[in-house]
Amino acid sequence: LFFIGEDAAGRIFQYAMKHSKKAEYEPYRNAIVGQITEITEGYLLVDDSLLCKDPKDGITYKVLLSDPAFSRYVDSGFLRVGKTVQISYEGYIDKADGYTVSGAISAEDVILSEGEVMIPE
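What you see is a predicted model, and the numbers here were worked out from it, not measured in a lab. (Residues numbered from 1 in each chain as written. Predicted model: local features only at pLDDT ≥ 70, side-chain atom pairs only at ≥ 80, totals over all residues. Heavy atoms only, no water.)

1. Some details on the overall build of the protein
Along the backbone of the protein there are two helices and nine strands. Written out in order from the N terminus, the α and β elements of the protein read α-β-β-β-α-β-β-β-β-β-β. Rg of the C-alpha trace for the protein: 21 Å, well past the compact-globule value of 14 Å for 121 residues, more than 25% over. Taken along the three principal axes of its C-alpha coordinates, the protein extends 65 × 35 × 35 Å. Classification of the 121 residues of the protein by burial places 27% in the buried group. For the protein, restricting intrachain contacts to residue pairs at least 6 apart in sequence, the fraction spanning at least 24 positions comes to 49%. If you sum the accessible surface of the protein, you get close to 9000 Å²; carbon and sulfur atoms cover 52% of it. (Helix = DSSP H or I, 4+ residues; strand = E, 2+ residues; numbered from the N terminus. Rg over C-alpha atoms; globule rule 2.2 N^0.38 Å. Buried < 20%, exposed > 50% of the residue type's maximum accessible area, 1.4 Å probe, protein only. Contact = heavy atoms within 4.5 Å. Areas by Shrake-Rupley, 256 points an atom, 1.4 Å probe, with all protein chains shown as cover.)

2. Some remarks on unusual backbone geometry
Even without a glycine there, the phi angle at Tyr99 is positive, about 55°. Along the polypeptide, Tyr99 turns up in the loop between β5 (93–94) and β6 (100–101).

3. What about the sheet that holds β6?
The strands making up a sheet associate through backbone hydrogen bonding, with each pair oriented either parallel or antiparallel. Here we have seven strands laid out as an open sheet, ordered β5-β6-β3-β2-β1-β4-β7, and mixed in their pairing. Among the strands making up the open sheet, the edge pair consists of β5 and β7 (104–109). Most of the contacts of helix α2 (residues 68–75) go to β7, to which it runs at about 30°, and overall it touches β1 (30–39), β2 (43–47), β3 (60–64), β4 (84–89) and β7. (Pairing = 2+ DSSP bridges. Axes fitted to C-alpha atoms, helices over the stretch in contact; angles between N-to-C directions.)

4. Looking at the packing of aromatic side chains
Per the stated rule, a full pass over the model turns up three aromatic pairs. Ring geometry for Tyr73 and Phe78: centres 5.8 Å apart, planes at 50°, overall tilted. You can call Phe78 partly exposed: its relative accessible area is 27%. Chaining the aromatic ring pairs together yields one cluster made of Phe70, Tyr73 and Phe78. Sitting above the plane of the Phe78 ring, Lys83 keeps its charged end 3.6 Å from the centroid. (Phe/Tyr/Trp six-rings, centres within 6.5 Å; stacked < 30°, edge-to-face > 60°. Lys NZ or Arg CZ within 6 Å of the ring centre and 35° of its normal.)

5. A closer look at α2
Taken together, the buried positions of α2 are Phe70, Ser71 and Val74. Projected onto a plane normal to the axis of α2, the buried residues spread over an arc of 100° and lie on a single side. For α2, the exposed residues lying more than 90 degrees away from the buried face are Pro68, Arg72 and Asp75. Elements that come into contact with the buried residues of α2 comprise β1, β2, β3, β4 and β7. (Arc of directions from axis to C-beta.)

Written as C-alpha cells, this is what we have:
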C-alpha cells in the first residue's frame, strides 16, 4: 500500500473517468425458465408464457439435446412434459431459427411464486 495523498488519488480518479469507457454487462450464466411442453429425440420445447402478465407475450424455446450430458436429463426422466425448469446454457439463442437454444448444460426444478422464481435446494 502507498499513501499518495487525497490530491493525487483524485487526479487518478479524474483521469480514469475521462479516459475509460463503461464495461459491458456479461451474465454469469445464461438461462431460460419455463414449462416443458414437448420432448422429442432432438429437442425439447420450453414455454415461458407462465412468467408473462399477458401469456401472448411468451416465447417457446427449442432446446437442442445434442449434448449427451444434457440429454441424460431427459433419459433419466428428470425432464418431462409439464415440469417447470430453469435451463442453463453456454451457447446462444438463435431467434431466426425459432428461438433455438444451443449449448444447454444443466437443468433445475423451479418453483414460481408471485413476482419471483425460486430454485429449491
